[in-house]
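For reference, the chains in residue letters:
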Amino acid sequence: MPLVDPFGRQVRDLRISITDRCNFRCTYCMPEEGMVWQPREELLTYEEIERIARICVQRWGFTGIRITGGEPTVRADLPALVEKLAALRPASGAGGRDVDLAMTTNGASLGLLAPALRRAGLRRITVSCDSLRPDRFASITHRNALHRVLDGIDAAVAAGFAPVKVNCVLMRGVNDDEIVDFAAFGRDRGVEVRFIEFMPLDAQGAWTAQTVVTYEEVVRTIDAVFPLEPVDRRGSHPAERLAYRDGGGTVGVIASVTRSFCSSCDRVRLTADGQFRNCLFAVHETDLRAILRGGGSDDDVAAAIEADVGRKWAGHTIGQVTFLRPDRSMSQIGG
Ligand code: SF4
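Residues numbered from 1 in each chain as written. Predicted model: local features only at pLDDT ≥ 70, side-chain atom pairs only at ≥ 80, totals over all residues. Heavy atoms only, no water.

1. So, a nonpolar patch on the surface
Okay, step 1: A contiguous nonpolar surface patch, about 250 Å² in accessible area, is contributed by V283, W313 and L324.
Okay, step 2: Checked against the element boundaries, V283 lands in the loop between β13 (275-277) and β14 (286-287). (Patch = residues over 30% accessible without salt bridge, like charges linked within 9 Å, V, L, I, M, F, W, Y side chains within 5 Å. Areas by Shrake-Rupley, 256 points an atom, 1.4 Å probe, with all protein chains shown as cover. Salt bridge = Lys/Arg side-chain N within 4 Å of Asp/Glu carboxyl O. Helix = DSSP H or I, 4+ residues; strand = E, 2+ residues; numbered from the N terminus.)

2. Observations concerning the nonpolar core
Okay, step 1: Core analysis: the largest hydrophobic core is formed by 103 residues, its most contacted members being F195, I222 and I305.
Okay, step 2: Top element by residues in this core is helix α1 (residues 46-60). It accounts for eight residues.
Okay, step 3: Apart from residues lying up to four places away in sequence, I222 is in contact with I179, A183, F195, P227, L228, Y244 and V251. (Core = buried A, V, L, I, M, F, W, Y, C linked by side-chain atoms within 4.5 Å. Buried < 20%, exposed > 50% of the residue type's maximum accessible area, 1.4 Å probe, protein only. Contact = heavy atoms within 4.5 Å.)

3. Concerning the environment of Q58
Okay, step 1: If you trace the backbone, Q58 turns up in helix α1.
Okay, step 2: Sequence separation between Q58 and A91 is 33 residues; the distance between their C-alpha atoms is 4.6 Å.

4. Topic: the pairing of strand β4 (residues 64-68)
Okay, step 1: Counting buried positions along β4 yields five of five residues, so the element is predominantly enclosed.
Okay, step 2: Every second residue of β4 is oriented toward a common face, with G64, R66 and T68 on one face and I65 and I67 on the other, all of them buried.
Okay, step 3: Across five bridges, strand β3 (residues 13-17) lies against β4 in parallel orientation. Pairing of R15 across the sheet is with R66, part of β4. (Pairing = 2+ DSSP bridges.)

5. Structural notes on the packing of helix α6 (residues 179-189) against helix α7 (residues 215-223)
Okay, step 1: Where α6 meets α7, the closest approach of the two axes is 9 Å, and the angle between their N-to-C directions is 65°. Accordingly, the angle class assigned to the pair α6 and α7 is roughly perpendicular. Relative to α7, α6 is oriented so that their crossing is right-handed. For the pair α6 and α7, contact is made by I179, V180 and A183 and by V218, T221 and I222, respectively.
Okay, step 2: By residue class, the composition of the contact of α6 with α7 is five nonpolar, one polar and no charged. (Axes fitted to C-alpha atoms, helices over the stretch in contact; angles between N-to-C directions. Parallel < 35°, antiparallel > 145°, perpendicular 65-115°, else oblique. Left-handed = near helix turned anticlockwise from the far one by under 90°. Nonpolar A, V, L, I, M, F, W, Y, C, P; charged D, E, K, R; others polar.)

6. Some remarks on the pattern of salt bridges
Okay, step 1: Using the criterion set out here, one finds 28 salt bridges in the structure.
Okay, step 2: Between D298 and R51 there is a salt bridge, with the nearest N and O atoms lying 2.7 Å from each other. Of this pair, D298 sits in helix α9 (residues 298-309) while R51 is found in helix α1, placing the two residues 247 residues apart along the sequence.
Okay, step 3: A relative accessible area of 22% places D298 in the partly exposed class.

7. Overview of the packing of aromatic side chains
Okay, step 1: For the structure shown, the criterion picks out six aromatic pairs.
Okay, step 2: Taken together, a centroid distance of 5.8 Å and an interplanar angle of 85° make the contact between F24 and F137 edge-to-face. Highlighted residues: F24 in the loop between β3 and α1 and F137 in helix α4 (residues 134-141), separated in sequence by 113 residues. Side by side, F24 and F137 carry an identical accessibility label, which is buried.
Okay, step 3: Relative to F323, the ring of F281 lies with its centre 5.7 Å away and its plane at 70°, an arrangement referred to as edge-to-face. (Phe/Tyr/Trp six-rings, centres within 6.5 Å; stacked < 30°, edge-to-face > 60°.)

8. Here's the deal with helix α3 (residues 110-120)
Okay, step 1: Listing the buried residues of α3 in full gives L110, L113, A114, L117 and A120. Each buried residue of α3 lies within a common arc of 135° when the element is viewed along its axis, so the set occupies one face. Facing away from the buried side of α3 by over 90 degrees, the exposed positions are L112 and R119.
Okay, step 2: Structurally, α3 contributes buried residues whose contacts are with α2 (78-86), β5 (100-105), β6 (124-128) and α5 (146-158). (Arc of directions from axis to C-beta.)

9. Some remarks on the pairing of strand β7 (residues 165-170)
Okay, step 1: Of all six residues in β7, six are buried; the element is thus mostly enclosed.
Okay, step 2: Of the two faces of β7, the one holding K165, N167 and V169 and the one holding V166, C168 and L170 are both buried throughout.
Okay, step 3: Across six bridges, β7 lies against strand β8 (residues 192-197) in parallel orientation. Across the sheet, residue L170 finds its bridge partner in β8, namely E197.
Okay, step 4: Following the backbone out of β7, through α6 and into the adjacent parallel β8, one traces a crossover that is right-handed. (Right-handed = clockwise from strand over helix to strand, strands pointing away.)

10. Things to note about α4
Okay, step 1: Every buried residue of α4 is listed here: R136, F137, A138, I140 and T141.
Okay, step 2: The secondary structure elements touched by the buried residues of α4 are α5.
Okay, step 3: Directly beyond the C-terminal end of α4, a positive phi value near 60° is found at H142.

11. Side note on unusual backbone geometry
Excluding glycine, residues mostly have negative phi values, and the peptide bonds linking residues are mostly trans.
Okay, step 1: In this structure, the amide linkage connecting G69 to the following residue, G70, adopts the cis form with an omega of 10°.
Okay, step 2: Note on placement: G70 falls in the loop between β4 and α2.
Okay, step 3: In this chain, A162 is followed by P163 through a cis amide linkage whose omega measures -10°.
Okay, step 4: With respect to the helices and strands, the residue P163 is situated in the loop between α5 and β7.
Okay, step 5: At D77, a position not held by glycine, the phi torsion is positive, near 60°.
Okay, step 6: Position of D77 among the secondary structure elements: in the loop between β4 and α2.
Okay, step 7: By relative accessible area, which is 52% here, D77 ends up exposed.
Okay, step 8: You will see that H142, though not glycine, has its phi angle at about 60°, which is positive.

Next up, the structure:
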């Protein structure tokens, strides 16, 4: 039986944050001094994560799982979790197909980890990189690590991940003068760059609508140098993709703020401390960890998830008076 929300959207994609910790300090995500990390015992174990994911895949035929953080590669023995999740199969009759297992990372450890993650069954990798200039990269992330991230992207391509995607959060006056550089980078390296509109999920609460670089601006800027044409229907994918007319590949824009895609949303989330969220901007959560550690059955977990999805709203209301910032920042929710 598919899991369907009150607006008729089938839920098929589980985003799993496996840690709130990170080895970077991106300005639009967390303060330079970092956050107060959650004690390890409060984080779900790999067995608990696998159990919740298995319920989603086997009962409702989820077809997508994305591992996120914080920074997932800072958690020990990550390939072991990947192996568990890659082995999940929908129960017969649940519909669905093999799980498309993906991960979002800052790329700094991919140089070492990419082959092992590939062998463990990871299918796709998305690397976050917000500047191609070492000095600016350092001022955004508070780390001199651009070279490691670029090596990580190459290592992911060499390990056979395809397509490797590169996410760039654009902030007006910070890195919006690198749009064409990133487009050229993607064309040269054969990776798909996706520009992300800045969202009000930063720990400092500094987000304003004026800092958002819009879809139209991005497309206009690239098209003036590398002519673009639209690509097929996006389905439930967050990114609107365009192709270079000269065959130089594709580029995407995740326009969460100015071109919301909530009407086709198929995603739900699990936080590192076991809270279920039916939306990135949800202001309510369901404590699955308490059910697991309280001796609850798979049926209890499934009932809690169904109830939470049954409360899912039509979509975020960024820019409207009704918009409420979640009391978690991006690093505590996962992308
Ligand atoms: S904001 Fe919420 S409803 Fe909209 S696409 Fe994101 S997760 Fe889905």
